[in-house]
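Examining the three-dimensional arrangement
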2 protein chains.
Amino acid sequence: MIMSEKIGILALGHGSKHPHNKDVVTGVAELIAKKYSNVVVRTGFMNMNSPTMKEGLDAFQGTGVSTIVAVPIFLAHGVHTMEDIPQILGISRETRRTTIKIDGRDVTLIYSEPLGTDELIADLAFRRAKEALLAD
Amino acid sequence: MIMSEKIGILALGHGSKHPHNKDVVTGVAELIAKKYSNVVVRTGFMNMNSPTMKEGLDAFQGTGVSTIVAVPIFLAHGVHTMEDIPQILGISRETRRTTIKIDGRDVTLIYSEPLGTDELIADLAFRRAKEALLAD
């Protein structure tokens with residue numbers, strides 16, 4: 001990771017007819033932007049919410065990013081992360097990267113893994129259980 | 001949270017035709033059980049995987065738990081967490097609790113919030129982005 005480049009993160013959300021999925025993906029993106037202020041963070045949703053993923057990529061115009069990492073804010077791989085999203089982003093599932101044009105310049109778009117199994121998820125799930133018990 | 005009671009956690013998963021959702025929910029449940037060894041942890045899936053949520057509740061037989069917290073290992077609320085799962089568990093969305101029988105005894109079943117917006121999710125998403133950049 002060449003920290004001299006300007007890096008963008010596109011937080012990818014599933015989308016929902018209810019507001020909660022967009023709220024969480026947007027809230028997580030805001031937390032990343034606040035904590036890692038050298039990174040340009042945008043969001044894009046697969047369906048039912050805006051911005052779409054393509055609109056999310058367009059939202060890096062004028063930011064000067066040279067690389068964008070698209071991070072699925074999904075717990076696990078599935079049809080959406082393995083088939084739908086690579087197709088939307090035009091990313092090969094083998095190379096997990098492509099080159100797109102932003103402001104007429106070549107920008108590398110890299111597709112990351114979803115959240116996956118991690119102690120941070122276990123800690124958060126345990127905290128939710130404790131909160132429910134304490135509210136009892 | 002009366003720590004003298006024996007507490008169970010039922011990690012609720014969406015389920016998938018791919019193995020990844022079950023792998024993550026099961027992996028998170030194992031991390032909770034390892035880190036918080038005084039808690040009895042089981043899993044249950046909404047669809048496409050076993051154990052089902054009802055089978056997950058049955059799996060607390062013989063454990064002596066007096067309270068079970070059902071924790072949706074979902075990022076955000078949606079139709080599944082607000083409608084489908086409360087119906088499967090027989091939990092009122094208002095009281096978020098019910099009483100079930102396990103080994104002939106009354107056991108309190110409490111429904112927790114899903115993971116939601118949290119700095120832990122932001123940190124994990126940022127780490128996935130960094131890993132994708134470093135693998136580049």
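Every value quoted in this text rests on a predicted model; they were computed, and no experiment measured them. (Residues numbered from 1 in each chain as written. Chains lettered and ligands numbered in written order. Predicted model: local features only at pLDDT ≥ 70, side-chain atom pairs only at ≥ 80, totals over all residues. Heavy atoms only, no water.)

Right, let's talk about the environment of G104(B) for a bit. All names here are of chain B. On the secondary structure map, G104 appears in the loop between β4 (97-102) and β5 (105-111). Owing to a relative accessible area of 59%, G104 belongs among the exposed residues under this scheme. Distance in space between the C-alpha atoms of G104 and V24 is 32 Å, their sequence separation being 80 residues. (Helix = DSSP H or I, 4+ residues; strand = E, 2+ residues; numbered from the N terminus. Buried < 20%, exposed > 50% of the residue type's maximum accessible area, 1.4 Å probe, protein only.)

Moving on to the nonpolar core. The biggest cluster of nonpolar side chains holds 56 residues, and the ones touching the most others in it are I9(A), I32(A), I73(A), I9(B), I32(B) and I73(B). Once residues within four sequence positions are removed from consideration, I73(A) is found in contact with A11(A), L12(A), V25(A), V28(A), L75(B) and A125(B). (Core = buried A, V, L, I, M, F, W, Y, C linked by side-chain atoms within 4.5 Å. Contact = heavy atoms within 4.5 Å.)

When chain A is fitted to chain B, the residual RMSD is 0.0 Å, and the transformation amounts to a turn of 180 degrees plus an axial shift of 0.0 Å. Given the turn and translation reported, the copies of this chain are related as if by a two-fold rotation axis. Among all C-alpha atoms of chain A, that of L120(A) lies closest to the rotation axis, at 2.9 Å. Of the interface residues in chain A, 100% have counterparts in chain B that sit at the interface too, so the contact is made through matching surfaces. (Least-squares fit on C-alpha atoms with pLDDT ≥ 70 in both.)

Turning to the sheet that holds strand β1 (residues 7-13) of chain A, a few remarks are in order. All names here are of chain A. Taken in spatial order, the five strands of this open sheet run β2-β1-β3-β5-β4, and their pairing is mixed. The open sheet has two edge strands, β2 (40-45) and β4 (97-102), and neither has a second partner. Going across the sheet, the axis of each strand differs from the next one's by a mean of 30 degrees, ignoring polarity. Where strand β3 (residues 67-72) and strand β5 (residues 105-111) come together, four bridges link them in parallel fashion. Each residue of the ladder has a partner; that of T67, found in β5, is T108. (Pairing = 2+ DSSP bridges. Axes fitted to C-alpha atoms, helices over the stretch in contact; angles between N-to-C directions.)

The subject of this paragraph is the pairing of β2(A). Residue and element names in this part refer to chain A. Summarising burial for β2: five of the six residues are buried, a large majority. Where β1 lies against β2, six bridges are found, and the strand directions are parallel. When the bridges of β2 are listed, L10 appears paired with R42. Handedness of the β1-helix α1 (residues 20-35)-β2 crossover: right-handed. (Right-handed = clockwise from strand over helix to strand, strands pointing away.)

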